[in-house]
Amino acid sequence: MTTFIDYVLGGLGSGAIIALMALALVLIWRSTRVVNFAQVGQAMFTTFIALSIQTWTGSWYIALIGALAAGAVLGVIVQYLVLRPVKRNDTSGAIIATFGVLIALQAAAGMIWPGGSQAFPQPFNNSGIEFAGRVWPISIYDFVVIGITALLVLGLTLLFTKTSLGLSMRAAAFNPEVAKLSGVRVSRVLTFGWALAGSVGAVAGILVAPVSTISPNSFDILLVYAFTVAVIGGLDSLIGAISIGVFTGLIISLVSGYSDSGNAPVVALLLLALNLILKPEGIFSHHKARSV
Amino acid sequence: MKYFLPLTDPILEIVDISVKLSGLQILDNVSIGVPQGTVTGLIGPNGAGKTTVFNVISGFVTADSGYLKVDGKKQKHVHPHHLTKKGIARTLQGVGLFPTMSALENVMIGGSSQVRSGIIAQSLAMPWTDVEQNRLRAQSMAVLGELNIAEAANRLPGELPYPIQKRVALARALVSDPQVLLLDEPAGGISAADISELAELIRSWVPKRTVLLVEHHMELVMEVCDLIWVLDAGKVIAAGTPDEVRRNPAVLAAYLGEDGAT
Amino acid sequence: MVNLLRLPGARFLSHLAIVFVIWAALMRINDGIDPLMSYYLALAAMYATAMFGMVILVGLSGQVSLGNGALMAIGGYVFALTSLNWQTVPILGWQWNPIWSMIFAGFGGIAVGLIIGWIGARLRGPYLAGLTLGIAVGIPAIATRFPEIFGGETGLMLTVPYPTGGYAPTVELAPIDEAPLDEVPLEQAPLEQAPLEQAPLDTETAGAGDMLTADNFPSAESSPAAGDMLTADNFPSAESAPSVSALPSDVALPTDIDPIAGGDALLAGGAFVLERWQASLAVTAACIIGFLALNLVRGRQGRVWRAVRDDEVAAAVSGISPAGSKISAFVVSSFFAAIAGAVFAQIISYVGPGAFGLGLSLSLLVGVVLGGRASLGGAIIGGVLLVALPQLVFNIAGDRGWPANVTDNAPNLVYGLLVVLVVLIAPGGILGSLKDGTRRLLAKSRSAK
């Protein structure tokens, strides 16, 4: 039983990070009906930027702010230059374009930051906390990760429910035509959505980097997990992304703990396939994934 | 309230069909019969559930209760792509043509249920696949000729005027040689002159084929139909010959506010 | 007037003629070029084989798939496992032959394609893309999970049985080792007999890693690991990689292998040239698959796929099962991918998770989008592009003296940007733009008259 609890605790941090990345995918899907497969590429890029800032200034906080800003800027750039000009009925085109961006970003990162995998300095103590006579598999850093995730979720919830900007975002996502008629500047709102998603993804990136390493491709598996989570949660549900994200983190931790970490991606894939067979529209959504 | 008509020889019947979509009762215990060899109309104000009736018949919408009878046989769930095998063909609202294919190719797709050769024979380009396609091509050209649009055969739909596109869509439905033809607003977006031609065309198919027609254009409906069913808010409110329906106060009431639109 | 092309069997004959002319021409070219070029030809043909399936899946049936690299892995592993473990055909008891392995690889692809297609046919665009992305990552992960079967991260070494037919391998081939290679664990496999400078025969080793770049030959010495540009995973770097050049000549080979190409093509000054044999194998496979693809695309099935892509509802009321059509596209494309994977395994004499990773899947998508996703010619252009563009970039980089990190990543940067540009400006890809261009020119000249 104690091992079970250990695995659960150990999965919380990674679950929070997966949830954040899934949240970024959901934010963009809600606003533009595009799954941004370049999201992890953007996060990887901004994490490299954060690493440079950290090396230069020595401050993790400045690096975090830098990543947030860079994420927003990159999100806006991708939306403006790539996704907006894609023809509306060309869904294949939009998907392919996001992969084009992913490939280009990974190559660009490889050019700018050579040397393959790099370690990201630990901003906080990442060894297990000693409490009640034993070492628990959860660290100060895990608490920071979970705390930042909770703060972001709280902030987003407030944004969507309490502010007029959040309301216009929901209106624009729900029905752009009607929103336009009622005076919402839809394109501006959508761009804001991309910026927001870019920042959220950037946070996921800077949080995951210290516990893994960072290289142009190191987040690829995170993309698979995040997509799985976003789909199972129902692509347009923030709550779905968060809860399924944390749940998936636990599953990965349990699978890795009881069997082998190599099984985790396979289990995630099985979960995804199962979900797509049984309830493709996701658990938290009424929206249809199947076509007629 | 339910209407019992002296339906002789109904080829298509829907019986006690109810459909609820996202909380809304679209069809409420609807029963409609289409007698063999007639042109039967299905009318009603916007949102009455006419197209949903078509969608139930063609299997796009599953009814919560009730069933469908084709030629006296009760049908379980109908898959849309099995419709032509049962001798039923349908047109779609608008045109619904494949934009990247020529008119002839569009019509040839309509004959899919006749194709027997499988993917292995096709991947080896076996001679009999050519025979099959040649036959289909000839049939398609014949139907295009019947509808006087043979010269449009090699044009893309986008290059053709709208009324011609509608005819190509008709040809695509006709090429499977259906017993029953479901026409979803065949007169939508075409001119008065074209409509009278269309009326003639529809009458020329009966009694060999049976036609069920959803249409807003009242003159056309009154001109071509032998029997008319009137739906309002998911219920059958009247049925009868064009004259009977025209005089029915319930029908008038239902259309009030719509003001005889179109 | 009787249209000759409409006569029964005319399509078969004309397609056969087209494919035969291309096959003969490529075989002829293969005969006259140096071994490195033959090696590139083999890779391009292998890519084209897989991308014929991408044209059908992505272009005609409208399903964006990132999983075709993983489907190639299915073909590669089935080929490797059957040819390593089976001496006779099960049940029938006939003598084993690589052709059998190819056929079994194809069946493996069909089986997996059926499963993925069944799940995928019910899904809309982004859902399908995500599912296949998961497959692209997941299938190689399965290979790593069961090292006793699939050789784990290091993969499986293959002894490619090339036609001996009395031609001895060239002297440059690495020293012949005592043990036949099949089933020799990797650690014991003869490694590194040939120094890298002995290229081109070593290029197989180097080329195995890099998916998008076809071959990292020019940079192999400076950075052995630079190969995997798109791959997250680590292909065993050059030091640890088994050297393919250590092909023993006395491997027990089935004696009844027909040389796929005429013996002459395999000879350079009377010696066997491995790359020429690889190219003839890949070109022949590409032509057979190309023939099937041509029949399907330029026939009823192509129309059916396009119909479902254009309008599922209209296709359904016309009597086509949209799900059936999408599944058939998946099955066909995974069959093609599996055959390509089996060819790839033979070219690099190796199967491993690194060689069939996400990078390979992405490169197939890149190739077919750039070449033109709507027609088979696009796949051929894509195949050439995937091999030629990195070389071009490397040449430019070499002339300018760019540092290795820039050089290694430049092809992918170009690919990524080109993909975005093609989607935005010329969705038809290179081939589509050429067609549009000629059509416009023709229209202009007509109106000028």
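Residues numbered from 1 in each chain as written. Chains lettered and ligands numbered in written order. Predicted model: local features only at pLDDT ≥ 70, side-chain atom pairs only at ≥ 80, totals over all residues.

Notes on the overall build of chain B
Then, number 1: Check the secondary structure of chain B and you find nine helices and ten strands.
Then, number 2: Relative to its length of 262 residues, chain B is compact, with a C-alpha radius of gyration of 19 Å against a globular reference of 18 Å.
Then, number 3: Taking the principal axes of its C-alpha atoms as reference, chain B extends roughly 60 × 40 × 35 Å.
Then, number 4: Buried positions account for 45% of the 262 residues belonging to chain B.
Then, number 5: Within chain B, contacts between residues separated by at least 24 positions form 69% of all contacts whose residues are at least 6 apart in sequence. (Helix = DSSP H or I, 4+ residues; strand = E, 2+ residues; numbered from the N terminus. Rg over C-alpha atoms; globule rule 2.2 N^0.38 Å. Buried ≥ 20, exposed ≤ 12 C-beta atoms within 10 Å, placed from the backbone. Contact = placed C-beta atoms within 7 Å.)

Here's the deal with the confidence of the model for chain A
Then, number 1: Predicted confidence across chain A gives a mean pLDDT of 85, with 97% of residues reaching 70 or more.
Then, number 2: Every residue in residues 287–292 of chain A is under pLDDT 50, and counting partners more than four places away or in other chains gives 17 contacts. (pLDDT = per-residue confidence, 0-100.)

Looking at the packing of helix α2 (residues 103–110) of chain B against helix α4 (residues 127–146) of chain B
Residues and elements named next belong to chain B.
Then, number 1: Interhelical geometry of α2 versus α4 gives an angle of 110 degrees and a closest axis separation of 9 Å. Classified by the angle their axes make, α2 and α4 are roughly perpendicular. Handedness of the α2/α4 crossing: right-handed. On the side of α2, the interface is formed by Ala103, Leu104, Val107 and Met108, while α4 contributes Leu136, Arg137, Ser140, Met141, Val143 and Leu144.
Then, number 2: In the contact of α2 with α4, the residues fall into eight nonpolar, one polar and one charged. (Axes fitted to C-alpha atoms, helices over the stretch in contact; angles between N-to-C directions. Parallel < 35°, antiparallel > 145°, perpendicular 65-115°, else oblique. Left-handed = near helix turned anticlockwise from the far one by under 90°. Nonpolar A, V, L, I, M, F, W, Y, C, P; charged D, E, K, R; others polar.)

A closer look at the interface of chain C and chain A
Then, number 1: Taken together, the contact between chain C and chain A spans 46 residues of the former and 44 residues of the latter.
Then, number 2: Those elements giving two or more residues to the side of chain C that touches chain A turn out to be α5 (125–145), α10 (312–317), α12 (358–371) and α14 (404–425) of chain C.
Then, number 3: By residue number, the principal contributor to the side of chain C that touches chain A is α5 of chain C, which donates 15 residues.
Then, number 4: Taken together, the residues of the side of chain C that touches chain A break down into 30 nonpolar, eleven polar and five charged.

Quick notes on the confidence of the model for chain B
Then, number 1: Model confidence for chain B is summarised by a mean pLDDT of 88, while 94% of its residues fall at 70 or above.
Then, number 2: Taking the mean pLDDT of every element in chain B, the minimum, 83, falls on helix α9 (residues 249–255) of chain B and the maximum, 95, on α2 of chain B.

Some remarks on the sheet that holds strand β5 (residues 73–75) of chain B
All names here are of chain B.
Then, number 1: Strand order in the open sheet formed by four strands is β2-β1-β4-β5, with antiparallel pairing between adjacent strands. On the outer flanks of this sheet lie β2 (24–35) and β5, each paired with one strand and no other. Between one strand axis and the next, the sheet turns through 25 degrees on average, direction left out of account.
Then, number 2: Taken together, the five bridges between strand β1 (residues 10–21) and strand β4 (residues 65–70) define a ladder with antiparallel strand orientation. The residue bridging Val15 from the neighbouring strand is Tyr67, located in β4.
Then, number 3: Sheet strands in contact with helix α1 (residues 50–57) are β1, β2 and β4, and its direction is about 110 degrees off that of β1. (Pairing = 2+ DSSP bridges.)

Considering the packing of helix α1 (residues 2–32) of chain A against helix α9 (residues 220–233) of chain A
Residue and element names in this part refer to chain A.
Then, number 1: The geometry of α1 relative to α9 is characterised by a closest axis approach of 8 Å and an angle of 65 degrees between their N-to-C directions. The orientation of α1 relative to α9 falls into the category roughly perpendicular. Once α1 is placed against α9, the crossing between them reads as right-handed. Facing Ile18, Ala19, Met21, Ala22, Leu25 and Val26 of α1, the residues of α9 in contact are Leu222, Tyr225, Ala226, Phe227, Val229, Ala230 and Gly233.

Looking at the pairing of strand β2 (residues 134–139) of chain A
Residues and elements named next belong to chain A.
Then, number 1: Alignment of strand β1 (residues 128–131) against β2, held across four bridges, turns out to be antiparallel. Bridging from a neighbouring strand, Ile129 pairs with Trp136 of β2.
Then, number 2: Between β1 and β2, which pair antiparallel in sequence order, lie two residues; one of them, Ala132, sits at a positive phi of approximately 50 degrees.

A look at the domain arrangement of chain B
Residues and elements named next belong to chain B.
Then, number 1: Entries for chain B in the domain assignment read domain 1 (1–87 + 178–262) and domain 2 (99–176).
Then, number 2: The distance between the C-alpha centroids of domain 1 and domain 2 comes to 27 Å.
Then, number 3: Listed as interface residues are eight residues of domain 1 and, on the opposing side, six residues of domain 2.
Then, number 4: For the side of domain 1 that touches domain 2, the per-class residue count stands at four nonpolar, two polar and two charged. (Domains from an automatic or database assignment.)

Description of the sheet that holds strand β6 (residues 88–90) of chain B
All names here are of chain B.
Then, number 1: With mixed pairing, six strands are arranged side by side in an open sheet as β6-β7-β8-β3-β9-β10. Both edges of this open sheet fall to β6 and β10 (235–240), since each of them pairs with a single strand only. Pairwise comparison of adjacent strand axes, ignoring direction, gives a mean angle of 15 degrees for this sheet.
Then, number 2: Of the pairings in the sheet, the one linking strand β9 (residues 227–232) to β10 comprises five bridges and is antiparallel in character. From the neighbouring strand, Ile228 faces β10, where its bridge partner is Gly240.

So, the interface of chain C and chain B
Then, number 1: With 27 residues of chain C in contact, the opposing surface of chain B contributes 33 residues.
Then, number 2: Sorting the residues of the side of chain C that touches chain B by element identifies α1 (10–32), α8 (274–297), α9 (300–310) and α10 of chain C as the ones contributing at least two each.
Then, number 3: Examining the composition of the side of chain C that touches chain B, we find that six residues originate from one element, α9 of chain C, more than from any other.
Then, number 4: Split by residue class, the side of chain C that touches chain B holds eleven nonpolar, nine polar and seven charged.

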